[in-house]
Amino acid sequence: MLIGIIGLGDMGRLYAKAFAKAGYEVFGCDMPENREKLEADLAPHGVQLLDSGREIAHRCDLIIYSVEAEKIMQVVAEYGPITKYGAIVAGQTSVKHPEITAFEKHLPADANIITFHAMHGPGFAPDGQKLILINHRSDADAYKRMLDLFTAIGSDVVELKDYHEHDRIVADTQAVTHVGFESMGTAWSNAGFFPWDNGSYHGGIDNVKILTTLRIFSYKAHVYAGLAIMNPYARQQVKRYAQSESELFKLMIMEEEQKFRDRLYRARDFVFHESRKPIMFNDAVMKEFSLADGPAQRKPNSHLSILSMVDAWCHLGVSPYDNLIAQTPPFRLRLGIAEYLFKNQELLEESIKTALYDKTIRGDDLEFHSAVREWSSIIGYGDMQGYKNHFNHVQAFFKDRLDEGNKQSAELIRRLTME
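Residues numbered from 1 in each chain as written. Predicted model: local features only at pLDDT ≥ 70, side-chain atom pairs only at ≥ 80, totals over all residues. Heavy atoms only, no water.

Undergrad: Which residues make up the overall build of the protein chain, and what are the values?
TA: Each helix and strand counted, the protein chain has 18 helices and eight strands in total. Taking 22 Å as the expected radius of gyration for a compact globule of 419 residues, we find that the protein chain reaches 22 Å, a close match to that expectation. Expressed as lengths along the three principal axes of its C-alpha atoms, the size of the protein chain is roughly 65 × 40 × 40 Å. The buried share of the protein chain, reckoned over its 419 residues, is 58%. Surface exposure of the protein chain reaches about 17,000 Å², of which carbon and sulfur atoms provide 50%. Each charge class in the protein chain was averaged separately, 47 positive and 57 negative side chains, and the resulting centres sit 2 Å apart. (Helix = DSSP H or I, 4+ residues; strand = E, 2+ residues; numbered from the N terminus. Rg over C-alpha atoms; globule rule 2.2 N^0.38 Å. Buried < 20%, exposed > 50% of the residue type's maximum accessible area, 1.4 Å probe, protein only. Areas by Shrake-Rupley, 256 points an atom, 1.4 Å probe, with all protein chains shown as cover. Lys, Arg positive; Asp, Glu negative; His and termini not counted. Charge placed at Lys NZ, Arg CZ, Asp CG, Glu CD.)

Undergrad: Describe the sheet that holds strand S8 (residues 156-160), listing the residues and the values that go with them.
TA: An order of S3-S2-S1-S4-S5-S6-S7-S8 is seen for the eight strands of this open sheet, with the pairing classed as mixed. The sheet is open, and its two borders are formed by strand S3 (47-49) and S8, each paired with just one other strand. Across this sheet, the average inter-strand angle for adjacent strands is 25°, counted without regard to direction. Against the sheet, helix H7 (residues 163-191) makes contact with strand S6 (112-118), strand S7 (130-137) and S8, and its axis sits at roughly 155° relative to S7, the strand it touches most. (Pairing = 2+ DSSP bridges. Axes fitted to C-alpha atoms, helices over the stretch in contact; angles between N-to-C directions. Contact = heavy atoms within 4.5 Å.)

Undergrad: Hey, could you go over the pairing of S7 for me, with residue numbers and the actual values?
TA: Pairing analysis gives six bridges linking S6 to S7, with the strands arranged antiparallel. Residue pairing for S7: Ile114 is matched across the bridge by Asn135. One ladder, built from five bridges, connects S7 with S8; its direction is parallel. When the sheet's bridge partners are listed, Ile132 is paired in S8 with Val158. Handedness of the crossover joining S7 and S8 through helix H6 (residues 140-152) is recorded here as right-handed. (Right-handed = clockwise from strand over helix to strand, strands pointing away.)

Undergrad: Describe the packing of helix H10 (residues 232-253) against helix H13 (residues 304-316), naming the residues involved and giving the relevant values.
TA: Remark: H10 packs on H13, axes separated minimally by 8 Å, with the N-to-C direction vectors making an angle of 120°. It follows from the interaxial angle that H10 and H13 lie oblique. Of the two elements, H10 crosses H13, and the hand of that crossing is right-handed. Residue-level contacts link Gln236, Gln237, Arg240, Tyr241, Ser244, Glu245, Leu248, Phe249 and Met252 of H10 to Leu304, Ser305, Leu307, Ser308, Met309, Asp311, Ala312, His315 and Leu316 of H13. By residue class, the composition of the contact of H10 with H13 is nine nonpolar, six polar and three charged. (Parallel < 35°, antiparallel > 145°, perpendicular 65-115°, else oblique. Left-handed = near helix turned anticlockwise from the far one by under 90°. Nonpolar A, V, L, I, M, F, W, Y, C, P; charged D, E, K, R; others polar.)

Undergrad: Pulling in residues and values, what's your account of the nonpolar core?
TA: Core analysis: the biggest nonpolar cluster contains 81 residues, and Phe260, Trp313, Phe342 and Tyr387 have the highest contact counts within it. Formed by 30 residues, the second largest nonpolar core is a distinct cluster that contains Val26, Leu38, Ile114 and Ile153. (Core = buried A, V, L, I, M, F, W, Y, C linked by side-chain atoms within 4.5 Å.)

Undergrad: Explain the pattern of salt bridges residue by residue, including any values.
TA: Tallied over the full model, the rule gives 28 salt bridges. Salt-bridge contacts for Lys130 lead to Asp156; the nearest nitrogen and oxygen are separated by 3.1 Å. Of this pair, Lys130 sits in strand S7 while Asp156 sits in strand S8, and the two are 26 residues apart along the sequence. Given the relative accessible area of 32%, Asp156 is considered partly exposed. Here Glu257 ties to Lys353 by a salt bridge, and the two come within 3.1 Å at their closest N and O atoms. A residue pair is termed long-range when its members are at least 10 positions apart, and Glu257 in helix H11 (residues 257-271) and Lys353 in helix H15 (residues 345-357) qualify at 96 residues. (Salt bridge = Lys/Arg side-chain N within 4 Å of Asp/Glu carboxyl O.)

Here it is as structure tokens:
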């Protein structure tokens, strides 16, 4: 099976190398100005560069479009009609609605459409990582070849019935998860301080929040923009998250303790009831990973970002544990710290009291509230460029610590997964 990859960005290169290592003949193409650099990177791994997507579409038995979601229609329109007879066509985008629409419109009727989504970033090799496989239309032999391919590179394959199910789950595990951490980063940027220098953000949960935020901002804006804006299910879920955050914030500033507590305990009972298999993050491991200089005294934190997420899950009727079948490392970290907070009665009560009565953190919560509104509005308006600009602005604020945060978060993920 000759494999061709159209688009050799971070993920395209990662999978090209993995397929070649498994013994497949792999071809790829990208923009002409990138050719020299790509050949230097890929040729030692046995990946062959071709001049254009036309050669790949005409020649290969498996054609993978690894391009930005917002460009998928344009690229498939150009190369799709000349697809090799009976070939398998797949996409590597994180949102499948625009991808499938493009395939159905521009591929020949004999093409097998079996798409996939790797649930990890380019910092992790495919071996042992979750990968979603969706059989949109194919014969049994083509689907077996795809399963064999991902088995050969060690992927942990999760088969979903259709792209609608994929996009619903990904709206939770990626789009809303990212917005929560992006809002934290935006709040810290707007307030003008680094959280590891602030006593309110020392401790296990906050270490995870900070490192995951840095991890997200260490990657490219277009990935997150496509996930949030082009996924029809994401807007609904992001809107609910923003609504939960706003309603909780109002109860906080009005010091409506009983309503606030009742609402959070109702959410806790819905999401974290005892039939769920807990993730059980290790407290000692979480405390070990800190960007602060030297030991620091932990101050209570309202953890408004986590309270809002659990409240949103409750109102949406979503069980995040069901969505672990398509988990990403940031989603698992987010669910893990939410579980850690809500299943610890003492810590949850501390969070509630801090949210309602501790004025020293109220300014930070206001910044977070404003940031959530900003991100929700950008996504609600479908403003792709606005999303990228907003993301890049915050990314620039943290630029000197992104590499370190990415490395530490990768080790944190590894350690917490092993525990």
